[in-house]
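# Summary of structural features
Here are the chains, one letter per residue:
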Amino acid sequence: MSTITGKTHLVGLLGQPVNHSLSPVMHNAAYQEMGLDWCYLAIPCEKSKLTQIAKTLRLINCKGLNITIPHKQEILKACNKFTEIANKIQAVNTLIPENHNQWIGANTDVEGFLMPLKNQDLRNKRVIVIGSGGSARAVVMGLITLKLKQITIIGRSENSLKIFINDMKNICSKNNTSIEGVNNQKLDVTPYIQEASLIINTTPIGMNKKNNVEENIPLGYAIWNNISNKTILYDLIYTPRPTSWLEIGNKKNCLTIDGLDMLVHQGALSIKLWSGFDNVPVETMKSSAKKHLMV
Ligand code: NAP
């Protein structure tokens with residue numbers, strides 16, 4: 001990073017936890033290459049203080065914010081306007097400064113998520129999304145562009161699943177994709193796993209843990225005996241690399257995708273929205289993030 005001076009502007013990330021985040025490393029590397037006198041910080045923030053902190057940061061002319069786990073829906077309260085996608089899915093990962101100390105809520109996760117799937121043909125296939133939180137909304141919004149047959153959301157909480165399906169079913173049906181919710185506490189999800197061409201983990205299960213213990217594997221160990229080597233496993237988590245779940249997939253010769261490309265592309269899109277510049281150095285962002293993961 002170049003020297004922080006009296007003129008340097010603040011940009012940042014709000015979430016809980018944030019200490020795993022690679023965003024500061026990759027954003028600050030991009031700003032340096034782009035000649036932006038900005039500094040990106042990861043700021044841990046509790047749900048009860050989120051709106052107040054976001055609004056206060058706008059008052060001190062913060063140039064942009066990213067929002068991460070678990071606040072992508074709670075942050076709607078701090079926004080005065082929304083982009084079309086953020087409004088449709090009611091989930092925000094990027095705040096863009098607007099006049100009169102206001103924030104526009106945007107979502108760059110949708111495009112970031114799709115980037116590593118751009119060479120896959122998933123037409124008429126069945127896809128599973130594990131989890132029904134903020135990022136799962138962006139994932140479903142991305143998936144409906146792929147002309148799938150069926151999206152199955154697997155979750156642990158009946159209430160979360162109900163709200164999720166209710167909010168997303170119209171968007172899906174407009175795109176001729178059916179969506180259903182399955183509670184893995186009540187139903188055996190084996191048949192769904194066997195039929196899926198792509199399975200996406202959007203829960204934090206496996207984050208920052210190095211041991212292959214049961215609690216680090218979404219849905220537990222046994223269920224993964226049911227995947228074939230044709231199943232694609234996509235984990236939104238990017239650290240540890242690979243996660244315990246993707247290690248299982250690698251052993252079964254599945255195509256595995258981790259969250260690093262998504263992270264880099266959603267971050268690059270956020271910078272575009274904040275700075276107005278089209279040429280964001282995506283490769284620099286990715287290499288700085290990878291280098292940091294190896295430290
Ligand atoms: P979130 O809004 O808090 O949602 C998390 C979801 O996971 C919820 O549905 C929650 O279920 C479920 N969950 C949490 N702990 C669980 C457990 N122990 N067992 C079963 N289900 C559990 O979080 P998020 O913002 O969607 O983020 C989720 C993960 O995706 C995080 O690890 C985040 O870092 C990662 N992510 C990565 C990228 C990237 O660029 N690579 C982008 C976005 C997110 P309940 O509803 O029942 O609580």
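All figures in this text were calculated on a predicted structure; none of them were measured in a lab. All residue numbers refer to position in the chain's written sequence, counted from 1. Per-residue local features are limited, in this predicted model, to residues with pLDDT of at least 70; the limit for side-chain atom pairs, both in listing and counting, is 80 or more; totals at the level of whole chains, interfaces and linings are taken over all residues. Excluding hydrogens and water, the side-chain figures rest on all heavy atoms present in the structure.

To continue, consider the overall build of the protein chain. Only runs of H or I of at least four residues qualify as helices and only runs of E of at least two qualify as strands under DSSP, and these elements are numbered from the N terminus. Summing up its helical and strand segments, the protein chain has 10 helices and 12 strands in all. Put simply, the radius of gyration uses C-alpha atoms, and a globule should come to 2.2 Å times the residue count raised to 0.38. For 295 residues, the compact-globule estimate of 2.2 N^0.38 gives 19 Å, and the C-alpha radius of gyration of the protein chain, at 19 Å, lies within 12% of that figure. Oriented by its inertia axes, the alpha-carbon framework of the protein chain measures out at about 60 × 40 × 35 Å. Residue pairs at least 24 apart in sequence account for 71% of intrachain contacts in the protein chain once pairs closer than 6 positions are excluded. Using the Shrake-Rupley algorithm and a 1.4 Å probe, accessible areas are obtained, with residue cover drawn only from the displayed protein chains. Total accessible area computed for the protein chain in this model is approximately 14100 Å², and 48% of it derives from carbon and sulfur atoms. When charges are counted, Lys and Arg are positive and Asp and Glu negative, with His and the chain ends excluded. In this description, the location of a charge corresponds to atom NZ of lysine, CZ of arginine, CG of aspartate or CD of glutamate. The average position of the 32 basic charges and that of the 22 acidic charges among the side chains of the protein chain differ by 2 Å. Only heavy atoms matter for contacts: two residues are in contact if any of them lie within 4.5 Å across the pair.

Across soluble globular proteins, nonpolar side chains have a tendency to be buried as a group. Each nonpolar core is a collection of buried residues, namely Ala, Val, Leu, Ile, Met, Phe, Trp, Tyr and Cys, held together in the definition by side-chain atoms within 4.5 Å. Note on classification: 1.4 Å probe, protein chains only; a residue is buried when its accessible area is under 20% of the maximum for its type, exposed when over 50%, partly exposed between these limits. Residues Leu 143, Ile 151 and Ile 200 are the most contacted members of the largest nonpolar core, which totals 33 residues. Only α4 (109-114), β7 (126-130), α5 (134-143), β8 (150-155), α6 (158-174), β10 (198-201) and β11 (232-235) provide two or more residues apiece to this core. Excluding residues that lie within four positions of it along the chain, Leu 143 makes contacts with Phe 113, Val 127, Val 129, Leu 148, Ile 151, Leu 198 and Ile 200.

On to the site of the ligand. Surveying the vicinity of the ligand reveals 24 residues, the closest of which are Ser 132, Ser 135, Arg 156, Ser 160 and Leu 236. When the ligand sits alone it has 930 Å² of accessible area, and the protein chains cover 81% of it. A 1.4 Å probe that fits into a set of points on a 1 Å grid over the protein atoms alone but cannot get out defines a cavity; an open set with protein on both sides within 12 Å along at least five of seven lines defines a pocket, and lining residues are those with an atom within 4 Å of a point. To qualify as sitting in a cavity or pocket, a molecule needs more than half of its atoms within 2 Å of the grid points. According to the grid-proximity analysis, the pocket containing the ligand is the largest pocket. Of all elements in the fold, only α5 and α9 (260-275) reach the threshold of two or more residues within the shell around the ligand. Sort the elements by how many residues they give to the shell around the ligand and α9 lands first, with three residues. Residue ranges assigned to the domains are those given by an automatic or database domain assignment. Two domains each donate at least three residues to the shell around the ligand, and these are domain 1 (9-107) and domain 2 (111-260). In these notes, residues near a molecule or strand are those with any non-hydrogen atom within 4 Å of it.

Along β11, one buried face is formed by Ile 232 and Tyr 234 and the opposite face, lined by Leu 233 and Asp 235, is buried too. Sheet analysis places β10 next to β11, joined by four bridges and oriented parallel. Among the inter-strand pairings, Asn 201 is bridged to a residue of β11, identified as Asp 235. By the criterion used throughout, a crossover qualifies as right-handed when its path from the first strand across the helix to the second strand runs clockwise, the strands pointing away from the viewer. A crossover links β11 with its parallel partner strand β12 (residues 255-257), the connecting element being helix α8 (residues 244-251), and its sense is right-handed. Pairing between two strands is assigned when DSSP locates at least 2 bridges connecting them.

On to the packing of α9 against helix α10 (residues 282-294). Interaxial angles span 0 to 180 degrees and are taken between N-to-C directions of axes, which are lines fitted to C-alpha atoms, for helices over the stretch in contact. The contact between α9 and α10 brings their axes to 10 Å, and the two run at 135°. On the basis of the axis angle, α9 is oblique to α10. Like other packed secondary-structure pairs, α9 and α10 cross with a definite hand, here right-handed. Of the residues in α10, those touching α9 at Leu 260, Asp 261, Val 264, His 265, Gly 267, Ala 268 and Ile 271 are Val 282, Met 285, Lys 286, Ala 289, Lys 290 and Leu 293. For the contact of α9 with α10, the class distribution of residues is eight nonpolar, two polar and three charged. Roughly parallel means an angle under 35 degrees; roughly antiparallel, over 145; roughly perpendicular, 65 to 115; everything else is oblique. If you view the pair so one helix is near and one far, a crossing is left-handed when the near helix is turned anticlockwise from the far one by less than a right angle, and right-handed when it is turned clockwise. Gly is placed with the polar residues, together with every amino acid not listed as nonpolar (Ala, Val, Leu, Ile, Met, Phe, Trp, Tyr, Cys and Pro) or charged (Asp, Glu, Lys and Arg).

Grid points are joined across faces, edges and corners, and a volume is the space filled by probe spheres set on the points. Considered as a void within the structure, the largest pocket measures approximately 1300 Å³ in volume. As for the largest pocket, its lining consists of 50 residues, of which Ile 69, Ser 135, Thr 202, Thr 203 and Pro 204 are closest to the centre. Elements that contribute at least two residues to the lining of the largest pocket include exactly β3 (65-67), α5, β8, α6 and α9. Sorting elements by how many residues they give to the lining of the largest pocket places α6 first, with four residues. Of the residues that constitute the lining of the largest pocket, the class distribution is 19 nonpolar, 25 polar and six charged.

Below, the discussion takes up the sheet that holds β12. Strand order across the open sheet formed by six strands is β9-β8-β7-β10-β11-β12, with parallel pairing between neighbours. Of all the strands in the sheet, just β9 (178-183) and β12 have a single pairing partner and so form its edges. If you compare each strand with its neighbour and ignore which way they point, the axes differ by 15° on average. Where α6 meets the sheet, it contacts β8 and β9, and its direction lies at approximately 175° from that of β9.

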